[in-house]
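Each chain is listed here by its residues.
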Amino acid sequence: MTETNEIWVLAEQKNRHIARVTLELLGKAVEFGTVLDVKVASVLIGSNVNELTGELAAYGSEKIYAIDDPKLNYYQGEAYAANVTDLVRQYKPVIFLIGSTDTGRDLAPRVAAEAGTGLTAHCIGLEIEYHDGIPLLSQIVPGWGVTKRMKILCPQKRPQMVTVKPGVFDVPKRKAPGNCEIVQVMPKINDRYFRSETIEVKAEEVTSRPIEEADVVIAVGWGVYSMDNLELIKELAEILGAVIGGTRPMVDKGWIAEKNMIGQSGKVVSPKLFISLGASGAMHFTTGFEKAKFIIAVDENPEAPIFKIADIGIVGDLREVVPCLIDELKKRGKGNGK
Amino acid sequence: MNIAVCLKQVPHPDYLSKIIYDPTTNRLQRAGVPLIINPVDKNAIETGIQLKEKYSGKIIVITMGPPQAKESLEEALAMGADEAILLCDPAFAGSDTYATAFTLASALKKIGLCDLILCGNETLDSGTSQVGPQIAAFLDIPHVTNVKAINYPEDGLLLVERSLENGYMRIKVRLPALLTVTKEINKPRIPSAIGIMQVAGKPFNTWRLAELNLSPLEVGLAGSPTQTVQIPETEQRHAGDILQGDVTKVVKTAVAKLHELKMI
């Protein structure tokens, strides 16, 4: 076992490209690598992945652990976790950053438990801070209540592991790749690691616009439940060309699709205009759109925390405010010739 | 098929924004907050009941929590689970997901490992989705997260569909295994009057630290690799104008502002 003290990023790929969240995490890793004077390494696992090493190097990877095997073509939960855990045990990185994606959310908890370390889900901020001279990864997550954030540390166990949603950090600038060491790792692919086996992946046709790409996002919260249905909201969305998202309770109610859930465990969006309707403004929700350029919030409770972050707050009953908004926008010629 | 369903009692969503922290322990203060079964955990219970109805077997529901978590277990019994186990000990307080999963896994070992362990895919409160896969890791059994459909083609093997953001995966998984299910998988039943009456006759056990044969250092805050160390106040976005009063006028002002800023 070698203690490398490296900072690792799990490299995810999508259609033969490195996933955006991986680049975002590499940006953060490079920042920490400089502060701590340690190497930044990527863990790249799959089939024919070696062609992607150049891109990882261009975003700051100084070392790449490549685990390449045809049997690892699809995401294989158990086999991926076993391979990554082995690597963690062997090289003992100090920090391991993982995207909070379909893959990351499935893989990270298993790896953390098997490696005997902690894991913090959906961090909204990461910093290095010193405790008695020892650098620790300060992992920021939303708390409950009004405006609280919590800081989580993993003081003893290594690596310090976190997952981070796409969109929380910015993609760094691509650079000319520097020196990058490629470590070809012998894959573990015997049957023992395939008690669960992915046999097919079916992609669904994407019919609606991804919420993270919309210029205008309307988010509905628990208060909208009083409106009996979303028809008026849909009309408003059509007028503004907006995509509708919502809070977790609205997803639980089945009013909003899971992939349009906004917040810590959902999507992080940064549209030009964000309209929050009937959401009180719990941190778990608001962290999902803090980077929006302009925020309008409507809620009937004037004390709702959402008003502390809104550029314009409207106190009122949604059943009155929304039709009024539609009328007013129509008067300005919106929604006629769309 | 013997099935264990792990569930969590969480605050009612109406109260999520009203929850406060104890400033000295950094723990949630739950007093006065109505508690419910985490919504998607009911889908996990329903999944278990449907499998039992088809293939026979027994369903044990289990949770770790304070004494009032008993109510959630009783609701699960009323839905159709056969036995309930509450893991309740002051030593369990302050558990992170690692210690929670470790404690639940220890209880599942004591029960005698079931063929199938079911969890909801995410909780309403902390929403980490971590405990399920971590339990599977501690038990050294395979897991599949976000399962939206289950088939049982042959003994010891399940064929499941795992929901992805844009699509799904088909996965073969050998039993024993742990699955976390999504809310699309079914519609949880409401307990019937008979179901509610039967609760009192069903086995209900409370296990403390001693019954699990664990050291206090392995559970709760002491057994948690991660620690919540402080709750810093942070900068917020600057609050803008809050408009109140006549709705028509207020909306007119807001839309005019948007127009002026070329937002619309």
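What you see is a predicted model; the values in this text were computed from it and never measured.

A. Expanded view of the overall build of chain A. Helix and strand content of chain A: 8 helices and 18 strands. Against the 2.2 N^0.38 benchmark of 20 Å for 338 residues, chain A shows a C-alpha radius of gyration of 22 Å, consistent with a compact globule. In chain A, which comprises 338 residues, the proportion classed as buried is 60%. In chain A, the proportion of contacts linking residues at least 24 apart, taken out of those at least 6 apart, comes to 65%. Accessible area of chain A: about 13300 Å², with a carbon and sulfur share of 47%. Here chain A carries 40 positive and 44 negative side-chain charges, and the mean point of each set is 1 Å from the other.

B. How the structure looks around the packing of helix α3 (residues 77-91) of chain A against helix α4 (residues 102-115) of chain A. Residues and elements named next belong to chain A. Packing of α3 against α4 brings their axes to within 9 Å, and their N-to-C directions diverge by 45 degrees. Compared by their axis directions, α3 and α4 come out oblique. Considering only the axes of α3 and α4, their crossing is right-handed. Of the residues in α4, those touching α3 at G77, E78, Y80, A81, V84, T85, V88 and R89 are D106, L107, R110, V111, E114 and A115. A breakdown of the residues in the contact of α3 with α4 according to their chemical character gives 7 nonpolar, 2 polar and 5 charged.

C. Structural context of the pairing of strand β16 (residues 273-277) of chain A. Residues and elements named next belong to chain A. Taken across its 5 residues, β16 has 5 buried, putting it largely inside the fold. The alternating pattern of β16 places L273, I275 and L277 and F274 and S276 on opposite faces, both of which are buried. In terms of strand pairing, strand β14 (residues 216-220) meets β16 through 5 bridges, oriented parallel. Residue pairing across strands places I218 opposite I275, the latter belonging to β16. Examined bridge by bridge, β16 and strand β17 (residues 294-299) share 5 bridges and lie parallel to one another. Paired with L277 across the bridge in β17 is V298.

D. Main features of the nonpolar core. Counting residues in hydrophobic clusters, the biggest one holds 68 residues, and the most contacted among them are L158(B) and L179(B). Here this core takes 8 residues from α3(A), the largest share from any one element. Dropping the residues within four chain positions of it, L158(B) is found in contact with M1(B), L116(B), I150(B), N151(B), Y152(B), P153(B), I171(B), K172(B), V173(B), L175(B) and L179(B). Counting 40 residues, the second-largest nonpolar core is a separate cluster that includes A237(A), M261(A), L273(A) and L277(A).

E. Structural view of the sheet that holds strand β6 (residues 95-99) of chain A. All names here are of chain A. An order of β7-β11-β6-β1-β4-β5-β12 is seen for the 7 strands of this open sheet, with the pairing classed as parallel. What marks the edges here is a single partner per strand, and that holds for β7 (119-123) and β12 (181-185). Recorded for the sheet is a direction-independent mean angle of 20 degrees between the axes of neighbouring strands. Pairing between strand β1 (residues 7-11) and β6: 3 bridges, direction parallel. The residue bridging V9 from the neighbouring strand is L97, located in β6. Its contacts with the sheet place helix α1 (residues 20-36) against β1, β4 (40-46), β6 and β11 (160-164), and it is angled at close to 170 degrees to β1. Its contacts with the sheet place α3 against β1, β4, β5 (63-68), β6 and β12, and it is angled at close to 155 degrees to β4.

F. Main features of the pattern of salt bridges. Scanning the model with the defined rule gives 38 salt bridges over all chains in all. The closest approach of N and O atoms between E181(A) and K39(A), which form a salt bridge, is 3.7 Å. Residue E181(A) is found in strand β12, and its partner K39(A) is found in the loop between α1 and β4; the two are separated by 142 residues along the sequence. Given a relative accessible area of 38%, E181(A) falls into the partly exposed group. On the accessibility criterion, K39(A) (37% relative accessible area) is partly exposed. The residue R189(B) makes a salt bridge to E53(B) at a minimum N-O spacing of 2.9 Å. Of the two residues, R189(B) sits in the loop between β12 (177-181) and α5 (193-198) while E53(B) sits in helix α1 (residues 39-55), which places them 136 residues apart along the sequence.

G. Layout of the sheet that holds β14(A). Here 6 strands make up an open sheet; going across it, the order is β15(A)-β14(A)-β16(A)-β17(A)-β18(A)-β15(B) and the pairing parallel. In this open sheet, the two edge strands, each paired with only one partner strand, are β15 (243-246) of chain A together with β15 (241-243) of chain B. Direction aside, neighbouring strands of the sheet carry axes that sit 20 degrees apart on average. As judged from the 3 bridges shared by strand β18 (residues 312-315) of chain A and β15(B), these two strands associate in the parallel manner. Among the inter-strand pairings, G313(A) is bridged to a residue of β15(B), identified as I242(B). Sitting on the sheet, helix α5 (residues 231-240) of chain A touches β14, β15 and β16 of chain A, and the angle it makes with β14(A) is about 170 degrees.

Thresholds applied
Residues numbered from 1 in each chain as written. Chains lettered and ligands numbered in written order. Predicted model: local features only at pLDDT ≥ 70, side-chain atom pairs only at ≥ 80, totals over all residues. Heavy atoms only, no water. Helix = DSSP H or I, 4+ residues; strand = E, 2+ residues; numbered from the N terminus. Rg over C-alpha atoms; globule rule 2.2 N^0.38 Å. Buried < 20%, exposed > 50% of the residue type's maximum accessible area, 1.4 Å probe, protein only. Contact = heavy atoms within 4.5 Å. Areas by Shrake-Rupley, 256 points an atom, 1.4 Å probe, with all protein chains shown as cover. Lys, Arg positive; Asp, Glu negative; His and termini not counted. Charge placed at Lys NZ, Arg CZ, Asp CG, Glu CD. Axes fitted to C-alpha atoms, helices over the stretch in contact; angles between N-to-C directions. Parallel < 35°, antiparallel > 145°, perpendicular 65-115°, else oblique. Left-handed = near helix turned anticlockwise from the far one by under 90°. Nonpolar A, V, L, I, M, F, W, Y, C, P; charged D, E, K, R; others polar. Pairing = 2+ DSSP bridges. Core = buried A, V, L, I, M, F, W, Y, C linked by side-chain atoms within 4.5 Å. Salt bridge = Lys/Arg side-chain N within 4 Å of Asp/Glu carboxyl O.

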